[in-house]
Each structure stands twice: as structure tokens, then as C-alpha cells.
Amino acid sequence: MTRIDFYILREGAAETGGPVMTACKLCEKASAGGHRIYARVPDPALAEDLDIALWTYRQGGFIAHERHTGGTPPAPLPAVLIGNGEPPDSHHGVMLNLGLDVPDFFSRFERVLEIVAADPQGRAKSRERYKFYRDRGYELATHNL
């Protein structure tokens, strides 16, 4: 069964990169553990921000990634795919959800990482997602950052 982790950003987290930098840290940790990550990012501007941040996240390095628009990604497979639609079969280990809703395909993943933004709308939508997962019996964990 899919494990769901909520990463709760504290007030003022926007000054330190907010959801995008938190996403980079989570992608780095998961990819270092040998996992492939599908970053679901419905907002095109946020997807662009994440794409740029993954290139520049670490001085002297980057996290291998590509934008996914459908189909099977070409080899060699990157550690991270950024997309909004159905994930390819190659990336069902970890889903990083930067959307405000629960995608239909979330249960294909071993783990789902949810970043809880510090703004009121982000918190309210996160509570809805938490309730959705909880009511269906998924294992949940929260991490205050």
C-alpha cells in the first residue's frame, strides 16, 4: 500500500525557496536512495521553477531530470520526471505532488510526498488531501520543516 508523507513548511519558508527548494531536497534524497521520482506539477510556472532549480540546486552539480509530456521517456532514464499527466511505467517509485488535489494515479506509487505550503489556501487544500488519504486507510506521516 502507498505510504503518504506530508512535509509541512513553516511560515516564512518562501524566503528560503519554499516548495521548490523543498522539492529539490526531497528529489535529491530519493534519487540518492536509488528511487525514480515523478514530480507532478500542474502549474506550468511552478514546473518551470522546479526545472530551473533542479539544474542549479547544488553548486557544481544538478539532479538529473526531464520534463515529461507523455509517452515513454528516452534512455537513459533521468532520476526525476516533471509532468502533470499520467506517469510512465518507469517512474512509479516516488511521486512528489505539487498539485492542490489528489491525482487519480497516486496509488501506483510506493510513496507519495506532499509538500504543504505555508499560505492559507495551500494549508486548506493539504488538509483535504490528508483527509482523503486517511479516510481510505493509507499510512500517513507528517514532517514539520
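Residues numbered from 1 in each chain as written. Predicted model: local features only at pLDDT ≥ 70, side-chain atom pairs only at ≥ 80, totals over all residues. Heavy atoms only, no water.

Asker: Describe the overall build of the protein chain, with residues and values.
Answerer: Counting its regular elements, the protein chain contains 3 helices and 7 strands. When the helices and strands of the protein chain are read in sequence order from the N terminus, they spell out β-α-β-α-β-β-β-β-α-β. Against the 2.2 N^0.38 benchmark of 15 Å for 145 residues, the protein chain shows a C-alpha radius of gyration of 14 Å, consistent with a compact globule. Principal axes of the C-alpha set define a box for the protein chain whose edges measure 40 × 35 × 25 Å. Relative to its full complement of 145 residues, the protein chain shows a buried share of 46%. Looking at the protein chain alone, contacts between residues at least 24 apart form 63% of all its contacts between residues at least 6 apart. Surface exposure of the protein chain reaches about 7700 Å², of which carbon and sulfur atoms provide 51%. (Helix = DSSP H or I, 4+ residues; strand = E, 2+ residues; numbered from the N terminus. Rg over C-alpha atoms; globule rule 2.2 N^0.38 Å. Buried < 20%, exposed > 50% of the residue type's maximum accessible area, 1.4 Å probe, protein only. Contact = heavy atoms within 4.5 Å. Areas by Shrake-Rupley, 256 points an atom, 1.4 Å probe, with all protein chains shown as cover.)

Asker: If you had to explain the nonpolar core to someone new, which residues and values would you point to?
Answerer: One finds L50, L54, V80, I82 and L96 to be the most contacted residues of the largest nonpolar core, which totals 25 residues. Setting aside its immediate chain neighbours within four residues, L54 contacts C24, C27, F62, I63, H65, V80 and I82. The next biggest cluster of nonpolar side chains, apart from the first, holds 13 residues, and it includes I4, Y38, V112 and V116. (Core = buried A, V, L, I, M, F, W, Y, C linked by side-chain atoms within 4.5 Å.)

Asker: Before we move on, could you go through the pattern of salt bridges and cite the residues and values that matter?
Answerer: If you walk through the whole model with that rule in mind, you get 10 salt bridges. Between R67 and D51 there is a salt bridge, and its shortest N-O distance comes to 3.5 Å. Pair noted here: R67 is in strand β3 (residues 65-67) and D51 is in helix α2 (residues 44-56), with a separation of 16 residues, a long-range link. You can call R67 partly exposed: its relative accessible area is 37%. For D51, a relative accessible area of 14% puts it in the buried group. In this structure, E128 engages K125 in a salt bridge whose closest nitrogen and oxygen atoms are separated by 3.8 Å. Within this pair, E128 and its partner K125 are both found in helix α3 (residues 120-135), separated by 3 residues, close to a single helical turn. (Salt bridge = Lys/Arg side-chain N within 4 Å of Asp/Glu carboxyl O.)

Asker: Please set out α2 residue by residue, giving values where relevant.
Answerer: Within an α-helix, residues lying three or four positions from one another point in the same direction, as the helix has 3.6 residues per turn. For α2, with 13 residues, the first-to-last C-alpha span of 19 Å sits near the 18 Å given by 1.5 Å per residue. Of the residues making up α2, those classed as buried are A47, L50, D51, A53 and L54. Turning to α2, the residues buried within the fold contact α1 (18-32), β2 (37-40), β3 and β4 (80-83). Its side-chain oxygen placed 2.8 Å from the backbone nitrogen of A45, D43 serves as the N-cap of α2. (Expected span 1.5 Å × (residues − 1). Polar contact = N/O pair within 3.5 Å; in protein donor to acceptor, adjacent residues only side chain to side chain.)

Asker: Give me the side chain of R40: which residues, what numbers.
Answerer: Within the secondary structure, R40 is located in strand β2. A distance of 2.8 Å separates the side chain of R40 from the side chain of D101, its partner in a polar contact. Those residues within four positions of R40 in sequence are excluded, and the remaining contacts are G83, N84, M95, L96, N97, L98, G99, D101, P103 and F105.

Asker: Please give an account of the sheet that holds β2 that cites residues and values.
Answerer: Across a sheet, strands are paired by hydrogen bonds formed along the backbone, either parallel or antiparallel in direction. Read from one edge of the open sheet, 7 strands run β3-β4-β2-β5-β6-β1-β7, paired in parallel fashion. Each edge of the sheet is formed by a strand with only one pairing partner; in this case those strands are β3 and β7 (139-144). The mean inter-strand angle of the sheet, taken between neighbouring strand axes irrespective of direction, is 20°. In terms of strand pairing, strand β1 (residues 3-8) meets β7 through 6 bridges, oriented parallel. Each bridged residue has a counterpart across the sheet, and for D5 the counterpart in β7 is A141. (Pairing = 2+ DSSP bridges. Axes fitted to C-alpha atoms, helices over the stretch in contact; angles between N-to-C directions.)

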